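# Descriptive analysis of the structure
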Amino acid sequence: MKIVIQGTKGSYHHQAAAKFFAEDATDLLEVESFKKVAQTIYKLQADYGLIAIENTIAGTILPNYSLISKYDLKIVGEVHLPIQHQLMALPGTKFEDIVEIQSHPMAILQCDQFLEHHSNIRIVETSDTATTAKRISEQNIQNVAAIASTLSADLYGLEIIKPNIQTFEKNFTRFFVVAKEASTPNKFDKASILFTTPHQSGSLASILNELVYLNINMEKIQSVPIMDKPWDYAFHVDISFDDMEDFHLLMKRIELKTNYLKILGQYKKENKADCQLKTQENHSIIL
Ligand SMILES: O=C(O)C(=O)C[C@]1(C(=O)O)C=C[C@@H](O)C=C1
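Residues numbered from 1 in each chain as written. Predicted model: local features only at pLDDT ≥ 70, side-chain atom pairs only at ≥ 80, totals over all residues.

An unreviewed UniProt entry lists the chain under the name prephenate dehydratase, from Moheibacter stercoris. Under the heading Catalytic activity (unreviewed entry), UniProt records this for the chain: "prephenate + H(+) = 3-phenylpyruvate + CO2 + H2O". UniProt, in its Pathway (unreviewed entry) section for the chain, records the words "Amino-acid biosynthesis; L-phenylalanine biosynthesis; phenylpyruvate from prephenate: step 1/1." (UniProt positions renumbered as here; feature names shortened; annotations may be inferred.)

If you want it as structure tokens, here you go:
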């Protein structure tokens, strides 16, 4: 089974893949952007891909919703990963000597407070956290630090000079597991849907009322611009439920209330509570 990830070994996408696929996550295809992940799946060059969709500090990665639509990706699962960012550099480097910090833009956003306190240091955005750590190590780049995971420091022999620099101790990223074909699980308790509504008073509210009526929990709602219709919006909604029949009924009931309605994925909800534990187990498996 081939799995495409943005970034290289040690990246958070790698860890998310290891968490979801466990020992099946051996054949990894590493690419440098979310767009390449989407294109790889679209061209059937990998079976599954992972893309980060939201972070508890930095918010939603909106362009990834566009990629899901543009490349008609299906969501087959989700992963919640605790994210602890480490500042790392070549062994022996002192923090006072650092002149530049490099990392993925989302990682930089999540460490905003730390970086503001050290505004004399230049910030450079890169393709992903682990590739940055790897490059600093392989090219022996002095006085430049990476923001990356502990796993990256271990894999590429860098020293952590400031630990856990994310703005809030508790920091999580949610990833979608995507594929070309929809999965058809016998049992699912979560779904991601996309719809547009007529531009009329109460049209969104009347759809949300159907959730209340069917006792379906809305886990997330995200409006995204419709690019060829300025100031019109589509809604990405993630819902969870105990009974799949309630979901099927919901789809029937809201069909007439929407202009466009699409199921992007039906999958098993990941239990956020055991998120920390499983990730630590996987860390030692990867190493
Ligand atoms: O650069 C990485 O290691 C990534 O996996 C990217 C990424 C992201 O896209 O949000 C993944 C999780 C964290 O939120 C920070 C960065």
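## Describing the sheet that holds strand β13 (residues 217-225)
Strand pairs in the sheet, formed through backbone hydrogen bonds, run parallel or antiparallel to each other. Sheet architecture is open: four strands sit in the order β13-β14-β12-β15, paired in antiparallel fashion. Every other strand in the sheet has two partners, leaving β13 and β15 (260-267) as the edge strands with one partner each. The sheet shows a mean angle of 15 degrees between the axes of neighbouring strands, taken without regard to direction. With six bridges connecting them, strand β12 (residues 190-196) and strand β14 (residues 233-240) associate as antiparallel partners. (Pairing = 2+ DSSP bridges. Helix = DSSP H or I, 4+ residues; strand = E, 2+ residues; numbered from the N terminus. Axes fitted to C-alpha atoms, helices over the stretch in contact; angles between N-to-C directions.)

## Focus: the pairing of β12
Note: β12 against β15, seven bridges, orientation antiparallel. Paired with Leu 194 across the two strands is Lys 262, which belongs to β15.

## Focus: the site of the ligand
Surveying the vicinity of the ligand reveals 14 residues, the closest of which are Ser 11, Tyr 12, His 104, Met 106 and Asp 128. Breaking the shell around the ligand down by element, the ones donating at least two residues are α1 (12-21), β3 (48-55), α4 (105-110) and α6 (129-138). Of the residues belonging to the shell around the ligand, the class tally is six nonpolar, seven polar and one charged. Taken together, domain 1 (2-82 + 172-183 + 270-286) and domain 2 (86-162) each give at least three residues to the shell around the ligand, which thus spans both. (Near = placed C-beta within 6 Å. Nonpolar A, V, L, I, M, F, W, Y, C, P; charged D, E, K, R; others polar. Domains from an automatic or database assignment.)

## Quick look at the packing of helix α8 (residues 203-214) against helix α9 (residues 244-255)
For the pair α8 and α9, interaxial distance at closest approach is 10 Å and the crossing angle is 150 degrees. Classified by the angle their axes make, α8 and α9 are roughly antiparallel. α9 is crossed by α8, and the crossing has right-handed handedness. Residues Ile 207, Glu 210, Leu 211 and Leu 214 of α8 touch α9, and the partners they reach there are Asp 246, Leu 249, Leu 250, Arg 253 and Ile 254. Residue classes in the contact of α8 with α9 are distributed as six nonpolar, no polar and three charged. (Parallel < 35°, antiparallel > 145°, perpendicular 65-115°, else oblique. Left-handed = near helix turned anticlockwise from the far one by under 90°. Contact = placed C-beta atoms within 7 Å.)

## Here's the deal with the sheet that holds strand β10 (residues 159-162)
With respect to topology, five strands assemble into an open sheet ordered β8-β7-β9-β6-β10, the strand pairing being mixed. The outermost strands of the open sheet, each flanked by one partner alone, are β8 (122-125) and β10. Sheet twist, expressed as the mean angle between neighbouring strand axes with direction ignored, is 35 degrees. Across three bridges, strand β6 (residues 86-89) lies against strand β9 (residues 144-148) in antiparallel orientation. When the sheet's bridge partners are listed, Gln 86 is paired in β9 with Ala 148. Docked against the sheet, α6 engages β6, β7 (100-103) and β9, running at close to 150 degrees with respect to β9.

## Quick look at the UniProt feature "domain: ACT" (unreviewed entry) in the chain
With numbering aligned to this structure, UniProt lists the feature "domain: ACT" (unreviewed entry) at residues 192-268. With 31% helix and 39% strand, residues 192-268 has its two end C-alpha atoms placed 11 Å apart.

## Considering the domain arrangement of the chain
Taken domain by domain, the chain holds domain 1 (2-82 + 172-183 + 270-286), domain 2 (86-162) and domain 3 (190-267). The straight-line distance from the C-alpha centre of domain 1 to that of domain 2 is 23 Å. Where the side of domain 1 that touches domain 2 is concerned, the elements lending two or more residues are α1, β3 and α10 (275-286). With three residues, α1 is the largest single contributor of residues to the side of domain 1 that touches domain 2.

## Details of the nonpolar core
Met 88, Phe 175 and Val 178 are the most contacted members of the largest nonpolar core, which has 70 residues in total. Dropping the residues within four chain positions of it, Val 178 is found in contact with Ile 41, Tyr 48, Gly 49, Ile 51, Ile 68, Leu 73, Lys 74, Ile 75 and Val 76. (Core = buried A, V, L, I, M, F, W, Y, C linked by C-beta atoms within 7 Å. Buried ≥ 20, exposed ≤ 12 C-beta atoms within 10 Å, placed from the backbone.)

## Overview of unusual backbone geometry
With phi around 50 degrees, Ala 22 is a residue other than glycine that occupies positive phi space. Turning to its location among the elements, Ala 22 is positioned in the loop between α1 and β2 (27-31). C-beta crowding within 10 Å serves as the criterion here: with 12 such atoms nearby, Ala 22 is assigned to the exposed category. Located in the positive-phi region is Leu 44, a residue other than glycine, with phi close to 60 degrees. On the secondary structure map, Leu 44 appears in the loop between α2 (34-42) and β3. A count of 11 C-beta atoms within 10 Å places Leu 44 in the exposed class.

## Comments concerning the packing of α2 against helix α3 (residues 62-70)
At a minimum axis distance of 10 Å, the contact between α2 and α3 shows a crossing angle of 15 degrees. Accordingly, the angle class assigned to the pair α2 and α3 is roughly parallel. Crossing of α2 against α3: the hand is right-handed. Along its contact with α2, which presents Phe 34, Lys 35 and Ala 38, the element α3 presents Pro 63, Asn 64 and Leu 67. Partitioning the contact of α2 with α3 into residue classes produces four nonpolar, one polar and one charged.

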